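# Results of the structural survey
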Protein chains: 2
Amino acid sequence: MAIFSKTCEYAIRAVFFLAHRSAQGGRVGIKEIAAGIGSPELYLAKILQELGRRGLVSSAKGPNGGFYLDAASLSRPLSDIVEAVDGDGIFRGCALGLKQCSETNPCPLHSQFKAIRDQIHHLLHRTTIGEFNEELVQGLLSLKK
Amino acid sequence: MAIFSKTCEYAIRAVFFLAHRSAQGGRVGIKEIAAGIGSPELYLAKILQELGRRGLVSSAKGPNGGFYLDAASLSRPLSDIVEAVDGDGIFRGCALGLKQCSETNPCPLHSQFKAIRDQIHHLLHRTTIGEFNEELVQGLLSLKK
DNA sequence: ATAATAAAGGACAAAAATATCTTTTATTAT
DNA sequence: ATAATAAAAGATATTTTTGTCCTTTATTAT
Ligand code: FES
Ligand code: FES
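Summary of the structure given here. Remember, predicted model here, so these are calculated numbers, not experimental data. (Residues numbered from 1 in each chain as written. Chains lettered and ligands numbered in written order. Predicted model: local features only at pLDDT ≥ 70, side-chain atom pairs only at ≥ 80, totals over all residues. Heavy atoms only, no water.)

### Things to note about the protein's contact with DNA strand C
Within the structure, DNA strand C sits among 24 residues, and G29, K46 and S59 of chain A together with T7 and P63 of chain B are positioned closest to it. The sugar-phosphate backbone supplies 62% of the atoms of DNA strand C found within 4 Å of the protein. One of the side-chain N or O atoms of K61 of chain B is found 3.3 Å from a sugar or linking oxygen in DNA strand C. For the surface near DNA strand C, the secondary-structure elements that each account for two or more residues are α3 (41-53), β1 (58-60) and β2 (66-68) of chain A together with α1 (6-22) and α3 (41-53) of chain B. Its residues placed into classes, the surface near DNA strand C shows 10 nonpolar, eight polar and six charged. (Near = heavy atom within 4 Å. Polar contact = N/O pair within 3.5 Å; in protein donor to acceptor, adjacent residues only side chain to side chain. Helix = DSSP H or I, 4+ residues; strand = E, 2+ residues; numbered from the N terminus. Nonpolar A, V, L, I, M, F, W, Y, C, P; charged D, E, K, R; others polar.)

This is the structure we're talking about:
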């Protein structure tokens, strides 16, 4: 098991890719994004459609069309992507799968895991989509392989 | 998405259940365990079979048979269960799904996530299977609902 | 207007995870 | 020895996730 679903991994990588590409103002076709992050093209298309519905990415049809991020999207937190794709289970769910995580009916791992979960939440909440553009441009960070 | 697979959640809950039940020396049938943690009986049977092969639980066939944990099992870390069921992805895998997580080819979330992953690893490694028996007996902790 | 381009949408397919069913094997008590 | 018990093992079924295909819609350039 990974922290995020595969779908969510693709979504985050794609949005990072888009962020740094559309910082220069251009639009990016699905083919280029998929090649850039190493994902199945048509599956990624579905994912971006959903993110589009939720206002996390923008797109334009026709020649010179493609996906892009506006300034508003660039400043949104990663947690928005994660919630859109994987829901809030990773933030609020019980580590051992109890119906609901609570202080009054805690599972054995509750107190320890709550602390870790909160860290994940804070990390994703304070990190914005556009935050890594510089490093991506400089090739210090990777979205592929 | 949750932290662990459903299979792994069942596995941990079942082993906790067994731990506190076999502290008094008895064996516990699969029906009772499944009812105790709220899991599908026959699916749990498969899971416990696999844990048995790996020496994490013990079992005996026939009348008065059932599952139990010996002293050795009680002192093993939770990470053994997690690795047996979910593999080591949660400890070593890249948050964004890159083939391998490394310092030389880091994804944008690498440094932040590595810290969190390490915490999860340490938590599961230092926590033993038998550790919560007292609280379970006292009903302070829950394995169901 | 027409043709070309590119995303949107709906239907379908394959793979993996979860769950169930049936038969076999080992153990115990009679 | 025999019958009853309970886990092991193997086969099958269902559901969810992941991935693909095909048609439609919107936009642009000619
Ligand atoms: S009840 Fe399990 S993590 Fe809170
Ligand atoms: S490379 Fe992604 S978490 Fe280390």
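The rest of the description comes next.
### Description of the nonpolar core
F4 of chain A together with F4 and L51 of chain B are the most contacted members of the largest nonpolar core, which totals 92 residues. Contact partners of F4 of chain A, with chain neighbours within four places excluded, come to E9, I12, V82, D86, I90 and L124 of chain A together with M1, A95 and F113 of chain B. (Core = buried A, V, L, I, M, F, W, Y, C linked by side-chain atoms within 4.5 Å. Buried < 20%, exposed > 50% of the residue type's maximum accessible area, 1.4 Å probe, protein only. Contact = heavy atoms within 4.5 Å.)

### A look at the packing of aromatic side chains
Residues and elements named next belong to chain A. Applying the stated criterion to the full structure yields six aromatic pairs over all chains. Arranged with centres 6.2 Å apart and planes meeting at 80 degrees, the rings of Y10 and Y43 form a pair that is edge-to-face. One end of the pair, Y10, is in helix α1 (residues 6-22); the other, Y43, is in helix α3, with 33 residues separating them in the sequence. Classification of Y10 as buried rests on a relative accessible area of 10%. A relative accessible area of 39% means that Y43 is categorised as partly exposed. (Phe/Tyr/Trp six-rings, centres within 6.5 Å; stacked < 30°, edge-to-face > 60°.)

### Some thoughts on the packing of α1 of chain A against α3 of chain A
Residue and element names in this part refer to chain A. Close contact between α1 and α3 brings their axes to 10 Å; oriented N to C, the two are set at 75 degrees. It follows from the interaxial angle that α1 and α3 lie roughly perpendicular. Packed against α1, whose contacting residues are T7, Y10, A11, A14 and V15, the element α3 presents Y43, L44, I47, L48 and L51 at the interface. Across the contact of α1 with α3, the residue classes tally to nine nonpolar, one polar and no charged. (Axes fitted to C-alpha atoms, helices over the stretch in contact; angles between N-to-C directions. Parallel < 35°, antiparallel > 145°, perpendicular 65-115°, else oblique.)

### Some details on the interface of chain B and chain A
Listed by partner, the interface residues are 40 residues for chain B and 40 residues for chain A. In this assembly, chain B packs against chain A so that about 3700 Å² is buried in total across both faces, 68% of it on carbon and sulfur atoms. The interface formed by chain B and chain A holds zero salt bridges in total. Our count for the contact surface shared by chain B and chain A stands at 13 residue pairs in polar contact (both at pLDDT 80 or more). If one sorts the elements of the side of chain B that touches chain A by residue count, helix α7 (residues 110-126) of chain B sits on top with eight residues. A breakdown of the residues in the side of chain B that touches chain A according to their chemical character gives 26 nonpolar, seven polar and seven charged. (Buried area = accessible area lost by both parts, 1.4 Å probe. Salt bridge = Lys/Arg side-chain N within 4 Å of Asp/Glu carboxyl O.)

### What about unusual backbone geometry?
Residue and element names in this part refer to chain B. Even without a glycine there, the phi angle at N64 is positive, about 65 degrees. Inspection of the secondary structure puts N64 in the loop between β1 (58-60) and β2 (66-68). The exposed category is assigned to N64, whose relative accessible area is 71%. Of note in the backbone geometry, K145 takes a positive phi value of approximately 75 degrees without being a glycine. With respect to the helices and strands, K145 occurs in the segment after α8 (133-137).

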